[in-house]
Amino acid sequence: GKSYQGPSPEEVFIGNPRTREGYGCYAPVIEASLQKILETVPGGEQFTVENLTGSSLKTLESHLEKGTPVMIWATGKMMAQTPGTTWTVESTGEQFTWQKGEHCLILKGYDVKNYIFMDPSDGGEVIYEKKVVEERYRQLGMQALSLKKSYHLPKKDWQSPDCGYKEDMIMGMTMTQKILAAH
């Protein structure tokens, strides 16, 4: 077979993000893009990008409880992931195998059995069983990012129900979806 060389999805988006032939990228690339965008958009200074890679979904639930949506890496429609193209990463010399179906979703809620997402490819809310989400999330390296509002208030004030968390969560999700659509 052919031998391929290329960049790591931890360094850049692999392929063209505006076509179906593009592969994708991992959390460090989106984190850097979000930080650049936040530096240029009005109100961006009010938000902080937090790399939550390695966090359990239970830990991510605690972010949701504080009103912070979380972007996770899984697979489209939570389909079983399958190995795709393998190449040698130019910067490390290591072999890398792309996982077909890699996909980012915005985790926005949960109940006892399910996780609730905003899915940029479906344009709306989708619900998947926790067990399936946990498996897909693990398979894609437990990658997660949050875009949270930077509060500069005493902790007791953060916990006030009238602190605007719902509005901030909606604003954060909207901003994240626009960023995903642009990449």
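The text that follows walks through the structure, step by step, so that each part is easy to find. (Residues numbered from 1 in each chain as written. Predicted model: local features only at pLDDT ≥ 70, side-chain atom pairs only at ≥ 80, totals over all residues. Heavy atoms only, no water.)

Digging into the sheet that holds strand β9 (residues 144-149)
Taken together, six strands build an open sheet; the order of strands is β2-β9-β3-β6-β7-β8 and the sheet is antiparallel. Whereas interior strands pair on both sides, the edge strands pair on one side only; in this sheet they are β2 (47-51) and β8 (124-129). When the angles between neighbouring strand axes are averaged without regard to direction, this sheet yields 35 degrees. Taken strand by strand, helix α1 (residues 27-40) contacts β2, β3 (70-75) and β9, and its axis lies near 170 degrees from that of β2. Each of β2, β3, β6 (102-110), β7 (114-119) and β9 touches helix α2 (residues 57-65); the most contacted strand, β6, lies at about 55 degrees to it. (Pairing = 2+ DSSP bridges. Helix = DSSP H or I, 4+ residues; strand = E, 2+ residues; numbered from the N terminus. Axes fitted to C-alpha atoms, helices over the stretch in contact; angles between N-to-C directions. Contact = heavy atoms within 4.5 Å.)

Quick notes on the pairing of strand β5 (residues 95-100)
Taken together, the five bridges between strand β4 (residues 82-89) and β5 define a ladder with antiparallel strand orientation. By the bridge assignment, Trp-87 is partnered in β5 with Phe-96. Taken together, β4 and the strand that follows it, β5, pair antiparallel across an intervening segment of five residues, in which Gly-93 is found at a positive phi of about 80 degrees.

Thoughts on the pattern of salt bridges
In the structure shown here, the tally under the stated rule is five salt bridges. Here Glu-61 ties to Lys-58 by a salt bridge, and the two come within 3.3 Å at their closest N and O atoms. A residue pair is termed a helical-turn pair when its members lie 3 or 4 positions apart in one helix, as Glu-61 and Lys-58 do in helix α2 at three residues. Given a relative accessible area of 2%, Glu-61 falls into the buried group. Classification of Lys-58 as exposed rests on a relative accessible area of 60%. Ionic pairing is found between Glu-125 and Lys-108, a salt bridge with its closest N-O pair at 2.7 Å. In this pair, Glu-125 is assigned in strand β8 and Lys-108 in strand β6, connecting sequence segments 17 residues apart. Sharing partners across several salt bridges, the network here consists of Lys-58, Glu-61 and Lys-130. (Salt bridge = Lys/Arg side-chain N within 4 Å of Asp/Glu carboxyl O. Buried < 20%, exposed > 50% of the residue type's maximum accessible area, 1.4 Å probe, protein only.)

Here we look at the environment of Phe-117
Take Phe-117: it is sitting in strand β7. Separated by 11 residues in the primary sequence, Phe-117 and Ile-106 have C-alpha atoms spaced 5.3 Å apart. Those residues in contact with Phe-117, other than ones at most four positions away along the chain, are Ile-72, Met-78, Leu-105, Ile-106, Leu-107, Lys-108, Gly-124, Glu-125, Val-126, Tyr-128 and Val-133.

A word on α2
When α2 is considered as a whole, its buried residues turn out to be Leu-57, Leu-60, Glu-61, His-63 and Leu-64. Down the axis of α2, the buried side of the element spans an arc of 155 degrees, and every buried residue falls inside it. Opposite the buried face of α2, at more than 90 degrees from it, the exposed residues are Lys-58 and Glu-65. Note on α2: the residue one or two positions beyond its end, Gly-67, has a positive phi of about 90 degrees. (Arc of directions from axis to C-beta.)

Examining the side chain of Glu-61
Polar side-chain contacts of Glu-61 include one of 3.2 Å to the side chain of Lys-130. In contact with Glu-61, other than residues within four places in its own chain, are Tyr-110, Tyr-115 and Lys-130. (Polar contact = N/O pair within 3.5 Å; in protein donor to acceptor, adjacent residues only side chain to side chain.)

Description of the environment of Ser-56
Checked against the element boundaries, Ser-56 lands in the loop between β2 and α2. With relative accessibility at 31%, the residue Ser-56 sits in the partly exposed group. Sequence-wise, Ser-56 and Tyr-137 are 81 residues apart; in three dimensions their C-alpha atoms are separated by 9.2 Å. Apart from residues no more than four positions distant in its own chain, Ser-56 is found in contact with Tyr-137 and Met-142. At 3.0 Å, the side chain of Ser-56 forms a polar contact with the side chain of Thr-59.

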